[in-house]
Amino acid sequence: MKVYFDNNATTPLHPEVKKEMTAAMEMYGNPSSMHAYGREAKANVEDARQRVASFINADDREIVFVGSGSEANNTVLSLFVCASAQCIPGTTARGTIITTKIEHPCVLETSECLMHRGVNVKFLDVDRYGRVDLDQLKDMLNDDIGLVSVMMANNEIGTMQDIAAITNMVHECGAFMHTDAVQAVGKVPVDVRALGVDFLTMSAHKIYGPKGVGALYVKQGTPYCPLIRGGHQERGRRAGTENTLGILGLGKAVEMRALEMHDEHDRLLGLKELLRKGIEDKIDDIHFNGHPTESLAGTLNVSFPGAEGESILLYLDLEGIAVSTGSACASGSLDPSHVLLATGVDAERAHGSIRISLGRESTTQHVQHMLNVLPGVIERIRNMSTAYIKGGTHAASR
Ligand SMILES: *Cc1c(COP(=O)(O)O)cnc(C)c1O
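Nothing here was measured: the structure is a model prediction, and the numbers come from that model. (Residues numbered from 1 in each chain as written. Predicted model: local features only at pLDDT ≥ 70, side-chain atom pairs only at ≥ 80, totals over all residues. Heavy atoms only, no water.)

So, the domain arrangement of the protein
One widely used convention gives an interface's size as the accessible area the parts lose upon coming together. You can read the domains of the protein as domain 1 (3–9 + 260–385) and domain 2 (15–256). Averaged C-alpha coordinates put domain 1 and domain 2 at centres separated by 28 Å. Together, the buried faces of domain 1 and domain 2 total about 2,400 Å²; carbon and sulfur atoms form 58% of this surface. Considering only the surface of domain 1 that becomes buried against domain 2, M261, L296 and H338 emerge as the three largest contributors, covering 24% of it. Our count for the domain 1 to domain 2 interface comes out at zero salt bridges. Breaking the side of domain 1 that touches domain 2 down by element, the ones donating at least two residues are helix 9 (244–282), strand 10 (299–303) and helix 11 (338–342). If one sorts the elements of the side of domain 1 that touches domain 2 by residue count, helix 9 sits on top with five residues. (Domains from an automatic or database assignment. Buried area = accessible area lost by both parts, 1.4 Å probe. Salt bridge = Lys/Arg side-chain N within 4 Å of Asp/Glu carboxyl O. Helix = DSSP H or I, 4+ residues; strand = E, 2+ residues; numbered from the N terminus.)

Pasting the structure below:
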């Protein structure tokens, strides 16, 4: 049995998205062209914009199509440098950005780059469940803060933040608010008016749409500066000929989310609970990471002290089960997850953790297969680990 439990990394195309994209495969007009070919492409792009906008309760003029969630996040952080340099009319020179320690690397690494360019960046702590400390935010806010960027739902542990409350505080001090909602949009209701945010990031491939396309919500009247320049596309906010097929796929993906996400949410919560209980019953010495309730329905992050996450991943892969670890093993480093470390988990427990992320194709059979396979995998790995002593303590070395 093949089991895909890595839906926070990416998702399979929804069959309806695939159908719509396949039917549109022959459409090659450039939306900027005035002839019939161009007008057809343009109409499709604008139809998708309408769908995306209404899905998050925005106006279609507030939606900028971009090449990825990463690009949207880079755009927001980078435009702030423009704003503080006062090259955007009507902005004031506020030199500080606040973000959190648990953001996606595309926010954290862009922040580091901005620090090298003279921007002051402050990183909010999180509690042991991964929730932002609102008192700390309150203390940090002052009239030098230009932008606050806090993710709505974390990709590794699933913890969700109270973005509406944070946005209120941020606006009170006169700063702009951005949220990376890549993991939240299409899983929980997201209404940009209710949240009050100025910028919001979403990505198609996390919600059964195609890879390489995302959208950035920019509230009307908010200062803006393009990251990609040199074209009038997207009202001058993102140059480059539009990814027409991808945009069309994103539009269909959100349409399908609107139909399916509510029932799916409850179903996934049930599956996660089955998984959580099963792991608890069958395996000793485990720790669940993330918030017990304020969390994505399909995300379960669990630590198995004495078993390396990468080993668990590879053994499960041999059994046809796909999960992920938080550590950046793909880049050759074995640094433990910055998210787990920020929640106060020690490096060893962080190393022994895996993320199981369910999705619309996940079934009870998949969960049962996982529960049949996982205990044996953990036992095998722990038995090989000379440093592991059952009961949660570890010999320093032998
Ligand atoms: C996947 C992800 C991103 C990046 O989106 P891409 O479209 O893959 O660039 C950003 N933030 C979060 C929280 C994500 O899960």
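Some words on the site of the ligand
Residues in close proximity to the ligand total 13 residues, the closest being S70, D180, Q183, S203 and K206. Residue S203 places a side-chain N or O atom 2.7 Å away from an oxygen atom belonging to the ligand. Here an oxygen atom of the ligand sits 2.7 Å away from a polar atom, N or O, in the side chain of H205. Coverage of the ligand by the protein chains reaches 90% of its 380 Å² of free accessible surface. When its residues are assigned to classes, the shell around the ligand shows two nonpolar, nine polar and two charged. (Near = heavy atom within 4 Å. Polar contact = N/O pair within 3.5 Å; in protein donor to acceptor, adjacent residues only side chain to side chain. Areas by Shrake-Rupley, 256 points an atom, 1.4 Å probe, with all protein chains shown as cover. Nonpolar A, V, L, I, M, F, W, Y, C, P; charged D, E, K, R; others polar.)

Structural notes on the sheet that holds strand 2 (residues 63–66)
One open sheet accounts for seven strands, arranged 2-8-7-6-5-3-4; its pairing is mixed. Each having just a single partner strand, strand 2 and strand 4 (120–124) make up the two edges of the open sheet. With direction set aside, neighbouring strand axes in the sheet form an average angle of 20°. Here helix 6 (residues 163–172) sits on the sheet in contact with strand 5 (145–149) and strand 6 (176–180), set at roughly 155° to strand 6. (Pairing = 2+ DSSP bridges. Axes fitted to C-alpha atoms, helices over the stretch in contact; angles between N-to-C directions. Contact = heavy atoms within 4.5 Å.)

A look at the packing of aromatic side chains
This model, assessed by the stated rule, comprises one aromatic pair. Measuring from ring centre to ring centre gives 5.6 Å for Y28 and Y37, while their planes differ by 35°; the resulting arrangement is tilted. Here R276 stacks its cationic end above the ring of F288, 5.7 Å away from the centre of that ring. Taking the ring centre of Y208 as reference, the NZ or CZ of R360 above it sits at 5.8 Å. (Phe/Tyr/Trp six-rings, centres within 6.5 Å; stacked < 30°, edge-to-face > 60°. Lys NZ or Arg CZ within 6 Å of the ring centre and 35° of its normal.)

As for the state of the cysteines
Evaluation of the coordinates by the stated rule reveals zero disulfides. Left without a disulfide partner, C106 is nearest to the cysteine sulfur of C113, which lies 13 Å away. Owing to a relative accessible area of 11%, C106 belongs among the buried residues under this scheme. (Disulfide = S-S within 2.5 Å. Buried < 20%, exposed > 50% of the residue type's maximum accessible area, 1.4 Å probe, protein only.)

Here's the deal with helix 9
For helix 9, built from 39 residues, the straight-helix expectation of 57 Å at 1.5 Å per residue is missed by more than 12%, its first-to-last C-alpha distance being only 49 Å. At E260, helix 9 shows its strongest bend, of approximately 55°. (Expected span 1.5 Å × (residues − 1). Bend = angle between axes of the 7 residues up to and from the residue.)

Describing the pattern of salt bridges
Per the stated rule, a full pass over the model turns up 19 salt bridges. Across the salt bridge formed by R193 and E62, the nearest N and O atoms sit 2.7 Å from each other. In this pair, R193 is assigned in helix 7 (residues 192–195) and E62 in the loop between helix 2 (36–55) and strand 2, connecting sequence segments 131 residues apart. Residue classification places R193 among the partly exposed positions, given a relative accessible area of 42%. Its salt-bridge partner being R276, residue E280 comes within 3.3 Å of it at the nearest N-O pair. Residue E280 and its partner R276 are located together in helix 9, separated by four residues, close to a single helical turn.

As for the pairing of strand 3 (residues 96–100)
The element strand 3 is extensively covered by neighbouring structure, given that five of its five residues are classed as buried. The alternating pattern of strand 3 places T96, I98 and T100 on one face and I97 and T99 on the opposite face, and all of these are buried. Both strand 3 and strand 4 contribute to a ladder of five bridges, which runs parallel. Residue pairing in the sheet places T99 in a bridge with F123 of strand 4. Read from strand 3 through helix 4 (residues 105–116) to strand 4, the crossover connection turns out right-handed. The sheet contact formed by strand 3 and strand 5 spans three bridges and is parallel. If you follow I97 over to strand 5, its bridge partner there is L147. (Right-handed = clockwise from strand over helix to strand, strands pointing away.)

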